[in-house]
There are 2 protein chains.
Amino acid sequence: MGRKEKETLQKSGGTQLKLVMTFPNYGQAILKPMKQERDEETNNNLYYFSDFERHNAEIAAFHLDRILGYRRIPPVVGRLVDVVQDIKDVTTDHKLAQTFFTSPVGNVCFYGQCSYYCSTEHAVCGRPRELEASLAVMLPDLSLAARRTWRSPWRRSYSRTKLAKWESEPDYCSTVTQNPPYNKGTRLVDFIDLVILDFLMSNMDRHHYETFEKFGNNTVLVHLDNGRAFGRHSKDEPSILAPLKQCCRIRRSTWLRLRLLSQPRYRLSAVMRASLSQDPLHRVAPLLAEPHLAALDRRLKAVLETVSWCQKRQKREDGREDEVIYDDMAYLKDTVTPAG
Amino acid sequence: MGRKEKETLQKSGGTQLKLVMTFPNYGQAILKPMKQERDEETNNNLYYFSDFERHNAEIAAFHLDRILGYRRIPPVVGRLVDVVQDIKDVTTDHKLAQTFFTSPVGNVCFYGQCSYYCSTEHAVCGRPRELEASLAVMLPDLSLAARRTWRSPWRRSYSRTKLAKWESEPDYCSTVTQNPPYNKGTRLVDFIDLVILDFLMSNMDRHHYETFEKFGNNTVLVHLDNGRAFGRHSKDEPSILAPLKQCCRIRRSTWLRLRLLSQPRYRLSAVMRASLSQDPLHRVAPLLAEPHLAALDRRLKAVLETVSWCQKRQKREDGREDEVIYDDMAYLKDTVTPAG
């Protein structure tokens, strides 16, 4: 068998256009094209389930996840791709190829086939052929490493009118934690970790999360699909934090990391700015506009205030404020004294 | 029969959402809602046949047509309507009513049913219920005053790849003027009048025009449907002027009016600014952003330059530069001396 050529196809599944690039060394990546300028905010009248996916949100989410110490998002990097050389000329997908056209100003555009925003009015266009995109490392094929998809217990209703259970039942957390897999091990605090990530980047679209089947129930969560994060900087979305507020439970390591990132020397916005500046697209434009970075600090403060609120409530109820903190660092307790 | 109630329905036909309002006095108007901010420019990568319709373009076109002395656009006025009181509560159109919803920030939105931009992602939203709209006087019902629809000989191809005949045939005008209705009377110069209006407001979407059937072929053209004008101010579209350049024919009255409007005391942009300031929506925001007004002056200059170019060419060819000017003012020649 000869050397593989580069190839680009549409990725099936999902509602918005994404592509799979296969490289000559058989490596694969998921490509999401730029659709929105950095300084645009999502239209206020759009529901979370109609929002665009943003390539820079995928990239920034990867950096944020790493900074929070999770490392549960597969690497995502920004790239300038050539719409013709890297996509049109190397696709065997006839349906994708058919959607290419030259715009009135001479840019090469395409729109692909998908259920949302795949039409000539929402075409993705190069300038004239150069296009910003995020490239995410593709996980091993499902035949080699099957994954399990878990529906989030705090999933939104995906309806303009219906409320989800967690929005109306004050004691919702206890019904969740009575049942597997949230009734033992670290699943609940794993999930709370994810919730904190989502609140910081204002991602309302976490309907599912995944695990690798081989590792059973006691394994890390994989934080895939972050394209709807970082849509709005001028507003926070407290409902994303509902699981933390309703369950009042957080990993000690996460809590300590958040406190560290709230200190002037390690301010989250500054660490993110520095981290994102290493992405190749940074030379085109900073990956996150400054108001988005500022929002991170404001939201981090809100997370820590929620933990404090939990601790006070716990203390008032049964005098045991440390119920809030799940101690995942006990093994370190002889060597490290956590900061006061 | 009792007094008629106010009623609002969707207007069928056309590709984008428009409504018909019926008032208690049986008057009717066509309503087009605001979809785009005044300072937004149409995306460069959109073709003319994918552009949004703009309510302020309908209003501004009416004023411009009047300033040019044509008076061939039925009156259009801006209004703030209440999305609930003026539309939702008074419609008997079940399909329209079904598309109403409240947006995440509490605005009342709807999207109707049509072939383009009628979806939740392109909803029209009040703030929270107040919506800018254009209201155009509805022409008499077709059963009372039938109209004839004429395909523009300089119609665009409405294809991303095909050229229209007029774009490739240099002698296209002579094939048009050999045949009715362009071979006699004022039809050709009537059409050129319309072309000048369209070039000034950069409307590429004039695929048809209409006349009243009763008046036969020797009648004015009705300049309906101007919602795709005023989409871009930073760019002119010389191809809209092709009929003037290819036929080199213009009414004297139009030519004199254009020359008047290019003089400092009657500058087109200033006359438009003054005229538009009388529209009720002016108190919300000027109907046309300043760059659009400036574009009018720039384009007017281009029209006059084209006429001069025609006159020079004519003179060179047969020494008769006045072939370019169609004299519709002969009846005045004893009383008025046109300005030099």
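Residues numbered from 1 in each chain as written. Chains lettered and ligands numbered in written order. Predicted model: local features only at pLDDT ≥ 70, side-chain atom pairs only at ≥ 80, totals over all residues. Heavy atoms only, no water.

Here's the deal with helix α10 (residues 290-318) of chain A
Helix length check: α10 of chain A (29 residues) gives 43 Å between terminal C-alpha atoms against 42 Å at 1.5 Å per residue, within 8%. Phi for Gly319 of chain A, located one or two positions after α10 of chain A, is positive at around 70°. (Helix = DSSP H or I, 4+ residues; strand = E, 2+ residues; numbered from the N terminus. Expected span 1.5 Å × (residues − 1).)

A closer look at the relation of the copies chain A and chain B
Least-squares fitting of chain A to chain B yields an RMSD of 0.0 Å, with the superposition described by an axial translation of 0.0 Å and a rotation of 180°. Overall, the copies show the geometry of a two-fold rotation axis. Minimal C-alpha separation from the rotation axis in chain A is found for Tyr117 of chain A, amounting to 5.5 Å. A share of 100% of interface residues in chain A that are also interface residues in chain B marks the association as one of identical surfaces. (Least-squares fit on C-alpha atoms with pLDDT ≥ 70 in both. Contact = heavy atoms within 4.5 Å.)

A closer look at the sheet that holds strand β2 (residues 19-22) of chain A
Residue and element names in this part refer to chain A. With respect to topology, 5 strands assemble into an open sheet ordered β1-β2-β3-β8-β4, the strand pairing being antiparallel. Across the chains shown, the open sheet's two edge strands, defined by having one partner strand only, are β1 (7-10) and β4 (76-82). Strand-to-strand twist in this sheet, taken as the mean axis angle between neighbours without regard to direction, amounts to 35°. In this structure, β4 lies alongside strand β8 (residues 130-137), joined through 7 bridges in antiparallel fashion. Counted as the bridge partner of Leu80 is Glu132 from β8. (Pairing = 2+ DSSP bridges. Axes fitted to C-alpha atoms, helices over the stretch in contact; angles between N-to-C directions.)

Description of unusual backbone geometry
In this structure, Pro128 of chain A follows Arg127 of chain A across a cis peptide bond, with omega equal to -20°. Even without being a glycine, Asp225 of chain B presents a positive backbone phi close to 70°. The phi torsion at Phe230 of chain B lies on the positive side, around 55°, for a residue other than glycine. Of note, Phe230 of chain B is situated in the loop between β10 (208-212) and α7 (242-247).

Some words on the UniProt feature "binding site: Mn(2+)" (unreviewed entry) in chain A
All names here are of chain A. Look at the UniProt record and you will see "binding site: Mn(2+)" (unreviewed entry) annotated at Glu53 and Asp225. A stretch of 173 residues holds the annotated residues, and the largest C-alpha distance among them is 9.2 Å, short enough that they meet in one place. Within the fold, Glu53 resides in the loop between β3 (28-33) and α1 (55-67). Residue class for Glu53 comes out buried when judged on its relative accessible area of 12%. Among residues more than four places away in sequence, those in contact with Glu53 are Gln16, Lys32, Lys35, Asp225, Gly227 and Arg228. Residue position: Asp225 is located in the loop between β10 (208-212) and α7 (242-247). Asp225 has contacts with Lys32, Glu53, Glu58, Asn203 and Arg206, leaving out every residue within four places of it along the chain. At 2.9 Å, the side chain of Asp225 and the side chain of Lys32 are in polar contact. (UniProt positions renumbered as here; feature names shortened; annotations may be inferred. Buried < 20%, exposed > 50% of the residue type's maximum accessible area, 1.4 Å probe, protein only. Polar contact = N/O pair within 3.5 Å; in protein donor to acceptor, adjacent residues only side chain to side chain.)

Things to note about a negative patch on the surface
A contiguous patch of negative charge, built from Asp39 and Glu40 of chain A together with Asp39 and Glu40 of chain B, is present on the exposed surface. Relative to the assigned elements, Glu40 of chain B resides in the loop between β3 (28-33) and α1 (55-67). (Patch = residues over 30% accessible without salt bridge, like charges linked within 9 Å, V, L, I, M, F, W, Y side chains within 5 Å. Areas by Shrake-Rupley, 256 points an atom, 1.4 Å probe, with all protein chains shown as cover. Salt bridge = Lys/Arg side-chain N within 4 Å of Asp/Glu carboxyl O. Lys, Arg positive; Asp, Glu negative; His and termini not counted. Charge placed at Lys NZ, Arg CZ, Asp CG, Glu CD.)

Here we look at the packing of α1 of chain B against helix α9 (residues 268-276) of chain B
Residue and element names in this part refer to chain B. The contact between α1 and α9 brings their axes to 10 Å, and the two run at 125°. In terms of orientation, α1 lies oblique with respect to α9. The chirality of how α1 crosses α9 is right-handed. Counted together, Ile59, Ala60, His63, Leu64, Arg66 and Ile67 of α1 and Leu268, Val271, Met272, Ser275 and Leu276 of α9 form the full contact between these two elements. In terms of residue class, the contact of α1 with α9 is built from 8 nonpolar, 2 polar and 1 charged. (Parallel < 35°, antiparallel > 145°, perpendicular 65-115°, else oblique. Left-handed = near helix turned anticlockwise from the far one by under 90°. Nonpolar A, V, L, I, M, F, W, Y, C, P; charged D, E, K, R; others polar.)

Things to note about the domain arrangement of chain A
All names here are of chain A. When cut into domains, chain A gives domain 1 (8-137) and domain 2 (147-335). Taking only C-alpha atoms into account, the centre of domain 1 sits 26 Å from that of domain 2. Taken residue by residue, the interface counts 42 residues in domain 1 and 48 residues in domain 2. Of the roughly 3,800 Å² buried where domain 1 meets domain 2, counting both sides, 59% is carbon and sulfur surface. Broken down residue by residue, the surface that domain 1 buries against domain 2 is led by Tyr48, Ile67 and Arg72, which jointly contribute 21%. For the interface between domain 1 and domain 2, the tally reads 2 salt bridges. Across the contact surface, domain 1 and domain 2 share 27 residue pairs in polar contact (both at pLDDT 80 or more). Of all the elements in the fold, those that place two or more residues in the side of domain 1 that touches domain 2 are α1, β4 and β8. (Domains from an automatic or database assignment. Buried area = accessible area lost by both parts, 1.4 Å probe.)

Some details on the pattern of salt bridges
Overall, the coordinates contain 42 salt bridges over all chains when judged by the stated rule. For the salt bridge of Lys32 of chain A with Glu53 of chain A, the shortest nitrogen-to-oxygen distance reads 3.3 Å. Residue Lys32 of chain A is found in strand β3, and its partner Glu53 of chain A is found in the loop between β3 and α1; the two are separated by 21 residues along the sequence. Neither Lys32 of chain A nor Glu53 of chain A differs from the other in exposure class; each is buried. Two residues, Glu37 of chain B and Arg127 of chain B, come together in a salt bridge whose shortest N-O distance is 2.9 Å. With Glu37 of chain B in the loop between β3 and α1 and Arg127 of chain B in the loop between β7 (124-125) and β8 (130-137), this pair connects stretches of sequence that are 90 residues apart. Glu37 of chain B gets classed as partly exposed once you look at its relative accessible area, which sits at 36%. Beyond isolated ion pairs, a larger network of salt bridges with shared partners links Arg72, Asp190, Asp193, Arg251 and Asp328 of chain A.

Concerning the packing of helix α6 (residues 187-201) of chain B against helix α10 (residues 290-318) of chain B
Helices that pack against each other are described as a pair by the angle of their axes relative to one another and the distance between those axes. Residue and element names in this part refer to chain B. The interhelical angle for the contact between α6 and α10, taken along N-to-C directions, is 140°, at an axis separation of 8 Å. Regarding the angle of α6 to α10, the classification is oblique. Considering how the two elements wind past one another, α6 and α10 form a crossing that is right-handed. Packed against α6, whose contacting residues are Ile196, Phe199, Leu200 and Met201, the element α10 presents Leu296, Arg299, Leu300, Ala302 and Val303 at the interface. Its residues assigned to classes, the contact of α6 with α10 comprises 8 nonpolar, no polar and 1 charged.

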